[in-house]
Amino acid sequence: MKKENQIPDNFENRLDEFAPNLFSIKNDNPFEVPADYFDSLPEKIASKIIATKKENSFAAKFRIIFNPKIYIPVAASILIVVFLIFKSTGIKTRSDQQMAYTANDNSAEYQYADSLIENGDIDESMLLETLTGIDDTSKNGNGNSGIEKNIRDMNKSTIIVSDSLKNLKVTDDDIIQYLLDNDDNDDLINN
Amino acid sequence: MEQFSDTELLELFRKSENKNYSFNLLVRKYQKQIYWHIRRIVIDHDDANDVVQNTFIKAWNNIEGFREDAQFYTWLYRIATNESINFLKQKRSGFIISYNDVESQLCASLTDDPYFTGDEIQLKLQKAILTLPEKQRIVFNMKYFEGIKYEDMAIILDTSVGALKASYHIAVKKIEKILTD
């Protein structure tokens, strides 16, 4: 059975037979273009390509700057660095500071306190009084803990004493003169 | 310029320091064929001008990835066809009107087009072609006006040769009927 829409062999070259009206019309191009259009088209395309390249390079830069794949890790890295800097430069909370004072036995303040205890200049009861004063002072809301203040005061007096001792030069002549001026030994012998 | 083969021009493009110059040679070789192919689809000269420029820009952007096992001209025709179809698609979505209304609008623009110089019977033929479905219309134009081989059309339109022959056969019958009425 022959199909109605079966394509005849070599149909496209037999239009005169199968489509005489179409065949009678010339297949000339009925369209035109403005004068010199094809002379100027390559230059138009070239300039458009250059413009597109510039746009693309700008867009690429924009994409790089605002690409989440880049700025999220960068922001995270900055945050980590800032956190580490804060951590290492002593910007600490109150509890951190207290922990530091109790934990760091090698600090200058503690060494000084140890030397005072060893020399008998301070006993345990005085130390307890000082420590008791810490909490009371730390609750006064002035932002300085008691231990900080006490240690600072101790440091100040130490510095003053040590400075004055450094400046004092005692010679043998000075000692002899001192003994002559304070001739108390005679009284002691006489007594 | 015409004496350069596609392979020679592509080789020149790849090796050339001035790629703009060598691409310009490719544009000069194919601009007329590509323009007329696009013009028959979009009808209006200004639209065809936009689409042909976009076609060559797209070719420029993708030419590095062009595979030598394909013919350059079929690759270029494929880009041009897709760009033309996309252009009409955008036109339809822009107008928010149906497919047939766009073809009617193209038909009306033919009458007023200062760059359409065909006679009455040619105008009738063009209007008859515009009644065809889009793909069928492209197949008819490529075969009837441009004389492209079915094998090349199959590559350009990504369709089988048998389907193209059937499509052309149906299109001719429809147009013949319109011309007869």
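For the structure, see preceding data.
Worth saying up front: this structure is predicted, and the values here are computed from it rather than measured.

Draft legend 1. Representation of helix 3 (residues 45–62) of chain B in the model. Residues and elements named next belong to chain B. For helix 3, with 18 residues, the first-to-last C-alpha span of 26 Å sits near the 26 Å given by 1.5 Å per residue. All buried positions along helix 3 are accounted for by His45, Asp47, Ala48, Asn49, Val51, Val52, Gln53, Thr55, Phe56, Ile57, Ala59 and Trp60. If you check the start of helix 3, you find a side-chain oxygen 3.1 Å away from the backbone N of Asp46, and it comes from Asp44.

Draft legend 2. How the structure looks around the nonpolar core. Counting 73 residues, the largest nonpolar core has Leu22 of chain A together with Phe23 and Phe140 of chain B as its most contacted members. With 11 residues, helix 2 (residues 19–42) of chain B is the largest single contributor of residues to this core.

Draft legend 3. Structural detail: the environment of Glu83 of chain B. Residue and element names in this part refer to chain B. By secondary structure assignment, the location of Glu83 is in helix 4 (residues 72–95). With a relative accessible area of 14%, Glu83 lands in the buried category. Along the chain, Glu83 and Ile38 lie 45 residues apart, while their C-alpha atoms are 8.6 Å from each other. With sequence-adjacent residues up to four places away left out, Glu83 is seen in contact with Val51, Asn54, Thr55 and Lys58.

Draft legend 4. Structural view of the interface of chain B and chain A. Opposite the 44 residues of chain B that make contact, chain A presents 37 residues. A combined buried area of about 3800 Å² lies between chain B and chain A, and 65% of that area is made up of carbon and sulfur atoms. Broken down residue by residue, the surface that chain B buries against chain A is led by Tyr144, His169 and Glu176 of chain B, which jointly contribute 16%. Linking chain B to chain A there are one salt bridge. Put simply, Glu43 of chain A and Arg28 of chain B hold a salt bridge, and the shortest N to O gap is 3.0 Å. Viewed at the interface, chain A and chain B are joined by 15 residue pairs in polar contact (both at pLDDT 80 or more). Among the elements of the structure, helix 2, helix 3, helix 6 (120–129), helix 7 (134–144) and helix 9 (161–180) of chain B are those that each provide at least two residues to the side of chain B that touches chain A. It is helix 2 of chain B that provides the largest number of residues to the side of chain B that touches chain A, a total of 11 residues. For the side of chain B that touches chain A, a count of residues per class yields 23 nonpolar, 13 polar and eight charged.

Draft legend 5. The arrangement of unusual backbone geometry in detail. A positive phi is found at Asn10 of chain A, a non-glycine position, where the angle reads about 55°. On the secondary structure map, Asn10 of chain A appears in the segment before helix 1 (15–18). Accessibility expressed as a relative area gives 43% for Asn10 of chain A, which makes it partly exposed. One non-glycine residue, Asp158 of chain B, lies in positive phi territory at about 55°.

Calculation criteria
Residues numbered from 1 in each chain as written. Chains lettered and ligands numbered in written order. Predicted model: local features only at pLDDT ≥ 70, side-chain atom pairs only at ≥ 80, totals over all residues. Heavy atoms only, no water. Helix = DSSP H or I, 4+ residues; strand = E, 2+ residues; numbered from the N terminus. Expected span 1.5 Å × (residues − 1). Buried < 20%, exposed > 50% of the residue type's maximum accessible area, 1.4 Å probe, protein only. Polar contact = N/O pair within 3.5 Å; in protein donor to acceptor, adjacent residues only side chain to side chain. Core = buried A, V, L, I, M, F, W, Y, C linked by side-chain atoms within 4.5 Å. Contact = heavy atoms within 4.5 Å. Buried area = accessible area lost by both parts, 1.4 Å probe. Salt bridge = Lys/Arg side-chain N within 4 Å of Asp/Glu carboxyl O. Nonpolar A, V, L, I, M, F, W, Y, C, P; charged D, E, K, R; others polar.

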